[in-house]
Amino acid sequence: MATQVAATYSPDYQCIRLKSVFPAFADPEEPQGFQTPHQTGFFIHEWLHYLHNNSTIHGVTAYSHAVILWSNVRAIIDHNGLCIGDDHLPIQDFADIRKQYKHRLDSRAAQNNKIEASLRLDDLDFISCKKDTAYIEGDENYPSTKLLCDVVSKVDDKVFKIKIGCHEIVEYIAFALESR
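To start, this report covers the structure provided alongside it. (Residues numbered from 1 in each chain as written. Predicted model: local features only at pLDDT ≥ 70, side-chain atom pairs only at ≥ 80, totals over all residues. Heavy atoms only, no water.)

## Quick word on the sheet that holds strand β3 (residues 124-135)
The three strands are arranged β3-β4-β5 in an open sheet whose pairing can be described as antiparallel. With partners counted over all chains shown, the strands left at the sheet margins are β3 and β5 (159-164), one partner each. Across this sheet, the average inter-strand angle for adjacent strands is 20 degrees, counted without regard to direction. When strand β4 (residues 143-153) meets β5, the two strands line up antiparallel, connected through six bridges. Paired with V152 across the strands is V159, a residue of β5. (Pairing = 2+ DSSP bridges. Helix = DSSP H or I, 4+ residues; strand = E, 2+ residues; numbered from the N terminus. Axes fitted to C-alpha atoms, helices over the stretch in contact; angles between N-to-C directions.)

## Details of the packing of aromatic side chains
Tallied over the entire structure, the rule returns three aromatic pairs. Between Y9 and Y50 the ring centres are 6.2 Å apart and the planes differ by 75 degrees, which places this aromatic pair in the edge-to-face class. Here Y9, found in strand β1 (residues 7-10), pairs with Y50, found in helix α1 (residues 37-55); they are 41 residues apart in sequence, far enough to count as distant. Owing to a relative accessible area of 13%, Y9 belongs among the buried residues under this scheme. Centroid distance F34 to F43: 5.4 Å. Interplanar angle 45 degrees. Geometry classified as tilted. (Phe/Tyr/Trp six-rings, centres within 6.5 Å; stacked < 30°, edge-to-face > 60°. Buried < 20%, exposed > 50% of the residue type's maximum accessible area, 1.4 Å probe, protein only.)

## Quick word on α1
Here α1 spans 26 Å end to end across 19 residues, near enough to the 27 Å set by a 1.5 Å rise per residue. Along α1, the residues classified as buried are Q39, G41, H45, E46, L48, H49, H52 and N53. If you follow the buried residues of α1, they end up packed against β1, β2 (15-18), α2 (57-73) and α4 (166-179). (Expected span 1.5 Å × (residues − 1). Contact = heavy atoms within 4.5 Å.)

## Brief notes about the side chain of E46
With respect to the helices and strands, the residue E46 is situated in helix α1. The class for E46 is buried, based on a relative accessible area of 8%.

## Focus: the environment of L48
Structurally, L48 is set in helix α1. Residue classification places L48 among the buried positions, given a relative accessible area of 8%. Along the sequence, L48 and L18 sit 30 residues apart, while their C-alpha atoms lie 14 Å from each other. Leave out the neighbours within four places in its chain, and L48 touches A174, L177 and E178.

## A short note on the nonpolar core
Within the largest apolar cluster, seven residues are counted, these being L119, L124, C149, V151, F160, I162 and I164. The set of elements that each furnish at least two residues to this core consists of β4 and β5. With three residues, β5 is the largest single contributor of residues to this core. If we skip the residues at most four places from it in the chain, L119 touches L124, S153, V155 and F160. (Core = buried A, V, L, I, M, F, W, Y, C linked by side-chain atoms within 4.5 Å.)

Written as structure tokens, this is what we have:
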């Protein structure tokens, strides 16, 4: 995976962010537009995240989690729009906010899989897969589910254990649609 990307999608804001390394629209006075198929591909990939966010249960859930988080925090915002501090927040609300935040981070985190960089998805056969659910701080209202899979390389018959979470699924959806 690249360490620097030209664009990202922020589901909480439903906003595509083009970075400075993405020159197509860097200068609002004289936008260049897409100059290469690569730039177009980056944008389409992020636009597909936006489309997914607005048209699927997964996307609506991500957005509703942001609304719930705001609902819990708004009680400590004063009339000037400033936070008056979490000591004014009921302890249960504070605990819910902490769990919501951990849940969001967990669902967006890429899994640390040790697969050779040269292998492509077509080079792998899935031989087993099982669901693994853990609960954030032991609370059943905050499940974190991953798929634990054994895959074998068609190239050299090596077996790998991999985890697949929400991040991998959402990225694959955008990749697959972008490929079309």
